[in-house]
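What follows is the residue order along each chain.
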Amino acid sequence: MTMPAKDEPFYQISQVSRLLGITSDRLRTYEEEGLIKPYRTRHSKDGKRLFSQDEIEWLEIIRELMKLGVTIPVIRVFLSSKLKAGETFLREKDEDILKLIERLYIHPVYKKLDP
């Protein structure tokens, strides 16, 4: 059995929910908020959401940011503003957040969003 490519939509929302330990509703919220754009099948009225391994990694970064207290609106601002290391308004304790945001900028999923 061959594994799908990292960018190939393969995992259903219930599988991703279990893998990440978050609810399917939370994943739908991330989609509604523009943090992720899963592939949609054409088999049903709304289409099933399918996620790639890249998107799962992306969601792990989002989850880490939220654990640090970063809200969805703030993540959206970060994604649209392209902050750089050394920005003067950031406090030293925010370095972990900045490192995670920089990981989002270079992640393949970032190119699929329209921040």
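Residues numbered from 1 in each chain as written. Predicted model: local features only at pLDDT ≥ 70, side-chain atom pairs only at ≥ 80, totals over all residues. Heavy atoms only, no water.

Q: I'd like a rundown of the sheet that holds strand β1 (residues 11-12), residues and numbers included.
A: Spatially, β1-β3-β2 is the arrangement adopted by the three strands of the open sheet, whose pairing is antiparallel. The two strands at the open ends of the sheet, each matched to only one other strand, are β1 and β2 (39-40). Across two bridges, β2 lies against strand β3 (residues 49-51) in antiparallel orientation. By the bridge assignment for β3, Tyr 39 is matched with Leu 50. (Pairing = 2+ DSSP bridges. Helix = DSSP H or I, 4+ residues; strand = E, 2+ residues; numbered from the N terminus.)

Q: Tell me about the packing of aromatic side chains, and name the residues and values.
A: In this structure the tally under the stated criterion is three aromatic pairs. With a centroid separation of 5.6 Å and an interplanar angle of 65°, the aromatic rings of Tyr 105 and Tyr 110 are classed as edge-to-face. Across the pair, Tyr 110 and Tyr 105 agree in class, each one buried. Pairwise contacts between aromatic rings join Trp 58, Tyr 105 and Tyr 110 into one cluster. (Phe/Tyr/Trp six-rings, centres within 6.5 Å; stacked < 30°, edge-to-face > 60°. Buried < 20%, exposed > 50% of the residue type's maximum accessible area, 1.4 Å probe, protein only.)

Q: I'd love a proper account of the environment of Leu 20, names of residues and values included.
A: On the secondary structure map, Leu 20 appears in helix α1 (residues 13-20). C-alpha separation for the pair Leu 20 and Arg 63, spaced 43 residues apart in sequence, amounts to 8.5 Å. The residues touching Leu 20, leaving out its near neighbours within four places in the chain, are Leu 27, Ile 56, Leu 59, Glu 60 and Arg 63. (Contact = heavy atoms within 4.5 Å.)

Q: Describe in detail the pattern of salt bridges, supporting the description with residues and values.
A: Summed over all chains, the structure comprises eight salt bridges. Asp 25 is paired through a salt bridge with Arg 28; the nearest N and O atoms lie 3.0 Å apart. Here Asp 25 and its partner Arg 28 are both found in helix α2 (residues 24-32), three residues apart, which amounts to about one turn of the helix. Given a relative accessible area of 54%, Asp 25 falls into the exposed group. Its relative accessible area of 28% is what places Arg 28 among the partly exposed residues. One salt bridge in this structure joins Glu 55 and Lys 112, with 3.8 Å as the shortest N-O distance. (Salt bridge = Lys/Arg side-chain N within 4 Å of Asp/Glu carboxyl O.)

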